[in-house]
Amino acid sequence: MAWNEPGSGKQRDPWKDNGDKGGGGGSMPDFDALLKRARDFFHRLFGGGAGGPGIAVIGILIAWFAIDSVVRVDARETGVVLRFGQFSRLMTPGINFKFPRPIESVSKVNIGVQNTTDQVRMLTRDENIVLVDFNVQYQVSDPQSFSFGVRDPDQTLGQAAESAVRSVIGNSDMDTILSGQRAELMVKARELLQATLDQYKTGLTLTELNFQNVRPPQEVKDAFDDASRALQDKQKIEEEAKAYASKVVPEARGDAASVRAEAEGYKSEQIARAEGDAQRFTLVEAQYKAAPEVTRKRLYIETMEQVIGHTPKVVDLSSGKNVLSLGTDAHGVSPGVAGAATVISPESKGAH
């Protein structure tokens, strides 16, 4: 039924029953009749009968709109929404909605940790050829930069990683690469690679960069093995020398401390003895001034006793020339002398 029926000067509502004179008053509408009239309206609108293509087209459009507007994003992904080819927003994991294409389109980016492995052959600073197998672990930290920063982020990452490894290995010696300093080289390569990725705005963040295997080419493997064995022998000898030094040095330090202590003791002893002799000399000098003759004789006798105290002889000093040797027994000791010398002075002889 047309909205404006010919012959009538006023508009009519096609949804209402023809027999209803507009007096619907507050009565409830008949839903079945409404659906039937809506179906008839669309049939007339698209010029088809009961089997016309209009309803099918509308159903297809509605289904396409519903299906293309719902996007499911996994937990390890982020959706990049483009509206008419221009960045619009990011979709979080879960069920998301958008306008159907070609209004909006979605590109899913894997933001989980990913791996890439490569091998390079290069020259070291000391002109040795080496093969390096390295592994790079990374994840997408900025999906927008990852999608629009560079044309091919994965290829860019591979080239930048190879460049960083070549730069670090090429500036190092073979011994440094094969020794325990390899960890420091990996840190330098990781920092250099991350700086390059940030400069290119790739939206990638490194989580790890490892040198999985560093070895010489097959052509020079024998020579390299000889050099490696020599290096191991060198390290072994150095370790033995360090062990010997750790044993000998403490002993030498102990001996030095002992000698130093003995020297300090001897020094203290000599100083004390010298001070005692000086004090004794001072006392003797005072006695000598008080009684010169007696002191002189006493000093003479004490000196002679010290000189010949361990000689088994009797010395007669009364005449100043006679020295009498006593006979010795089987043990070489004079009877009654007990190995001590007896000094007979003129004064003692006169007394006897």
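Since this is a predicted model, take the numbers as computed values, not measurements.

> Please explain helix 6 (residues 182-200) as it appears in this structure.
One turn of an α-helix holds 3.6 residues; hence residues three or four places apart share an orientation. For helix 6, with 19 residues, the first-to-last C-alpha span of 27 Å sits near the 27 Å given by 1.5 Å per residue. Elements that come into contact with the buried residues of helix 6 comprise strand 7 (129-140), helix 4 (153-170), helix 5 (174-178) and strand 8 (204-215). Lys201, located one to two residues past helix 6, shows a positive phi value of around 55°.

> Would you mind going over the nonpolar core with me for this structure?
The nonpolar side chains of a soluble globular protein tend to be buried, and buried together. Grouped together as the largest cluster of nonpolar side chains are 32 residues, with contacts concentrated most on Val132, Val136, Leu157, Val165, Ile169, Leu193 and Phe211. Taken together, the elements giving at least two residues each to this core come down to strand 2 (77-83), strand 6 (114-123), strand 7, helix 4, helix 5, helix 6 and strand 8. In terms of residue count, helix 4 provides more of this core than any other element does, 7 residues in total. With residues up to four places along the chain from it excluded, the contact list for Ile169 reads Met122, Leu123, Thr124, Arg125, Val130, Val132, Ile177 and Phe211.

> So what exactly am I meant to see when it comes to the pattern of salt bridges here?
Any two side chains of opposite charge can pair, given that their charged atoms come close. Tallied over the entire structure, the rule returns 13 salt bridges. The salt bridge involving Glu104 is made with Arg89; its shortest N-O contact spans 3.1 Å. With a gap of 15 residues between them, Glu104 in strand 5 (residues 104-110) and Arg89 in strand 3 (residues 86-91) connect regions that are remote in the sequence. Taking the relative accessible area as the measure of exposure, Glu104 reaches 0% and is therefore buried. Note that Glu285 and Lys289 form a salt bridge whose closest N and O atoms lie 3.8 Å from each other. Pair noted here: Glu285 and Lys289 are both in helix 7 (residues 221-290), with a separation of 4 residues, about one helical turn. With a relative accessible area of 35%, Glu285 lands in the partly exposed category.

> Which parts of the structure should I look at to understand the confidence of the model for the chain?
Parts of the prediction with low pLDDT should not have their coordinates interpreted in detail. Per-chain confidence: the chain averages 77 in pLDDT, with 73% of residues scoring 70 or above. Between the elements of the chain, mean pLDDT differs from a low of 48, seen in helix 9 (residues 346-351), to a high of 91, seen in helix 6. The low-confidence segment residues 1-11 (pLDDT under 50) makes 12 contacts with residues lying over four places distant or belonging to another chain.

> Sorry if this is basic, but what is going on with the sheet that holds strand 2 here?
Taking strand neighbours across the sheet as the criterion, the 3 strands line up as 3-2-5 in an open arrangement whose pairing is antiparallel. The open sheet has two edge strands, strand 3 and strand 5, and neither has a second partner. For this sheet, the mean angle separating the axes of adjacent strands, direction not counted, is 30°. The sheet contact formed by strand 2 and strand 5 spans 7 bridges and is antiparallel. For Arg83, the partnering residue across the bridge sits in strand 5 and is Glu104.

Cut-off values and rules
Residues numbered from 1 in each chain as written. Predicted model: local features only at pLDDT ≥ 70, side-chain atom pairs only at ≥ 80, totals over all residues. Heavy atoms only, no water. Helix = DSSP H or I, 4+ residues; strand = E, 2+ residues; numbered from the N terminus. Expected span 1.5 Å × (residues − 1). Contact = heavy atoms within 4.5 Å. Core = buried A, V, L, I, M, F, W, Y, C linked by side-chain atoms within 4.5 Å. Buried < 20%, exposed > 50% of the residue type's maximum accessible area, 1.4 Å probe, protein only. Salt bridge = Lys/Arg side-chain N within 4 Å of Asp/Glu carboxyl O. pLDDT = per-residue confidence, 0-100. Pairing = 2+ DSSP bridges. Axes fitted to C-alpha atoms, helices over the stretch in contact; angles between N-to-C directions.

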